[in-house]
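Residue strings, one per chain:
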Amino acid sequence: MSEKPVSITTSGCWRGAAMCLPALPGTVVFGAVFGTVAAQKGLTILETVLINSFVFAGASQFVAMEVYKDPVTWAVLLAMVGVTAAVNMRMLLIGASLRPWLGQVPASRTYPSLFFLTDLNWLIALREYDKGERDWGIYLGSGLFMWVTWSVSVVPGYFLGSLVSDPQKWGLDIVMPAFFVALLVPLWQGRRQTISWGLAGVVAVLTWQAFGGYWGILTGAIIGAFAGAYLDD
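Residues numbered from 1 in each chain as written. Predicted model: local features only at pLDDT ≥ 70, side-chain atom pairs only at ≥ 80, totals over all residues. Heavy atoms only, no water.

Remarks on the nonpolar core
The biggest cluster of nonpolar side chains holds 39 residues, and the ones touching the most others in it are Leu-98, Leu-117, Trp-122, Trp-136 and Tyr-139. Only helix H2 (24-40), helix H4 (59-67), helix H5 (74-87), helix H6 (90-97), helix H7 (99-102), helix H9 (119-130) and helix H10 (137-159) provide two or more residues apiece to this core. The element that contributes the greatest number of residues to this core is H9, accounting for 7 residues. Sequence-distant contacts of Trp-136, that is, excluding residues within four places in its chain, are made with Val-6, Ser-7, Ile-8, Trp-101, Leu-102, Val-105, Arg-109 and Ser-113. (Core = buried A, V, L, I, M, F, W, Y, C linked by side-chain atoms within 4.5 Å. Buried < 20%, exposed > 50% of the residue type's maximum accessible area, 1.4 Å probe, protein only. Helix = DSSP H or I, 4+ residues; strand = E, 2+ residues; numbered from the N terminus. Contact = heavy atoms within 4.5 Å.)

As structure tokens, this is what we get:
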């Protein structure tokens, strides 16, 4: 039986966007929290929106804001770039895992679309691909939806930061992790996933306890990827 050809449709993009709706509350809240942090650091609303939209890097934006100082010197700039790159190093592995799907798409479309790659739409795309889906609008639509949501959500946070400065108070900090867990369940196929996911989680927690911050994202991703690559099903 021949492989279903890869395509992209408007309906696929809309379906991808719709799949992100359960994560909307958590995304809006944490985007708003970044707006609050940026306001506290003295950034203008224009600077905040531009950073949020063009960096589009979630957790690493918060790490970069911890390093940020005014005025911005070359040392501060390099430190911000460095921590952003370190936390997002996992995207190299995540992006590579999409090659079976996006590798069939012309490079002129693939590489620009990778700007919209996030943990969330990666999980959605991987799950749908495993189901036999070949409309990569699923990936693009979900990524565009997350980018627009993330870009807009900083505005209320910038001006009304006190209302969302403590997401834990409302239990909103659990929305995104719960959604990720729900997406992971259909991807489980046996021993390889059990061991690699387990090792990634243990290493991430140990790294967090030892060093704090967001380094656990990077170490967990690397260990999980290596374990998955060398284990047999």
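Text resumes after the structure shown.
Section: the side chain of Glu-128
Counting through the fold element by element, Glu-128 comes out in helix H9. Residue contacts for Glu-128: discarding those within four places in its chain leaves Met-19, Glu-133 and Ile-138.

Quick look at the pattern of salt bridges
Tallied over the full model, the rule gives 4 salt bridges. For Arg-15, the salt bridge identified is with Glu-133, shortest N-O distance 3.2 Å. In this pair, Arg-15 sits in helix H1 (residues 10-18) while Glu-133 sits in the loop between H9 and H10, placing the two residues 118 residues apart along the sequence. Exposure remark for Glu-133: the relative accessible area of 14% places this residue in the buried category. Within this structure, Arg-15, Glu-133 and Asp-135 form a network of salt bridges that share partners. (Salt bridge = Lys/Arg side-chain N within 4 Å of Asp/Glu carboxyl O.)

A short note on the packing of aromatic side chains
Taken as a whole, this structure holds 6 aromatic pairs when the rule is applied. An angle of 35° between the planes, with centres 5.3 Å apart, marks the rings of Trp-101 and Tyr-129 as tilted. On the criterion of sequence distance, the pair formed by Trp-101 in helix H7 and Tyr-129 in helix H9 is long-range, its members being 28 residues apart. The exposure classification of Trp-101 matches that of Tyr-129, with both residues buried. With 5.9 Å between their ring centres and 80° between their planes, Phe-116 and Trp-147 make a pair best called edge-to-face. Of this pair, Phe-116 sits in the loop between helix H8 (107-113) and H9 while Trp-147 is found in helix H10, placing the two residues 31 residues apart along the sequence. According to the relative accessible area criterion, Phe-116 is buried, its value standing at 16%. Taken together, the ring pairs connect Phe-56, Phe-115, Phe-116 and Trp-147 into an aromatic cluster. When the ring centre of Tyr-129 is taken as origin, the NZ or CZ atom of Arg-134, which lies over that ring, is 3.7 Å away. (Phe/Tyr/Trp six-rings, centres within 6.5 Å; stacked < 30°, edge-to-face > 60°. Lys NZ or Arg CZ within 6 Å of the ring centre and 35° of its normal.)

Regarding unusual backbone geometry
Backbone torsion omega between Asp-70 and Pro-71 reads 5°, so that peptide bond is classified as cis. Structurally, Pro-71 can be placed in the loop between H4 and H5. Backbone geometry places Phe-56, a non-glycine residue, at a positive phi of 45°. Position of Phe-56 relative to the elements: it lies in the loop between helix H3 (45-55) and H4. Classification of Phe-56 as buried rests on a relative accessible area of 10%.

A short note on the packing of H4 against H5
Viewed as axis vectors pointing N to C, H4 and H5 meet at an angle of 155°, and their least axial separation amounts to 9 Å. As judged from the angle between their axes, H4 and H5 are roughly antiparallel. In this structure, H4 meets H5 at a crossing whose hand is right-handed. On H5, the residues touching Ser-60, Val-63, Ala-64, Met-65 and Val-67 of H4 are Val-76, Ala-79, Met-80, Val-83, Thr-84 and Val-87. In terms of residue class, the contact of H4 with H5 is made up of 9 nonpolar, 2 polar and no charged. (Axes fitted to C-alpha atoms, helices over the stretch in contact; angles between N-to-C directions. Parallel < 35°, antiparallel > 145°, perpendicular 65-115°, else oblique. Left-handed = near helix turned anticlockwise from the far one by under 90°. Nonpolar A, V, L, I, M, F, W, Y, C, P; charged D, E, K, R; others polar.)

Focus on the environment of Val-67
Residue position: Val-67 is located in helix H4. What makes Val-67 partly exposed here is its relative accessible area of 24%. The sequence separation of Val-67 and Leu-78 amounts to 11 residues, and the corresponding C-alpha distance is 10.0 Å. The residues touching Val-67, leaving out its near neighbours within four places in the chain, are Val-76, Ala-79, Met-80 and Val-83.

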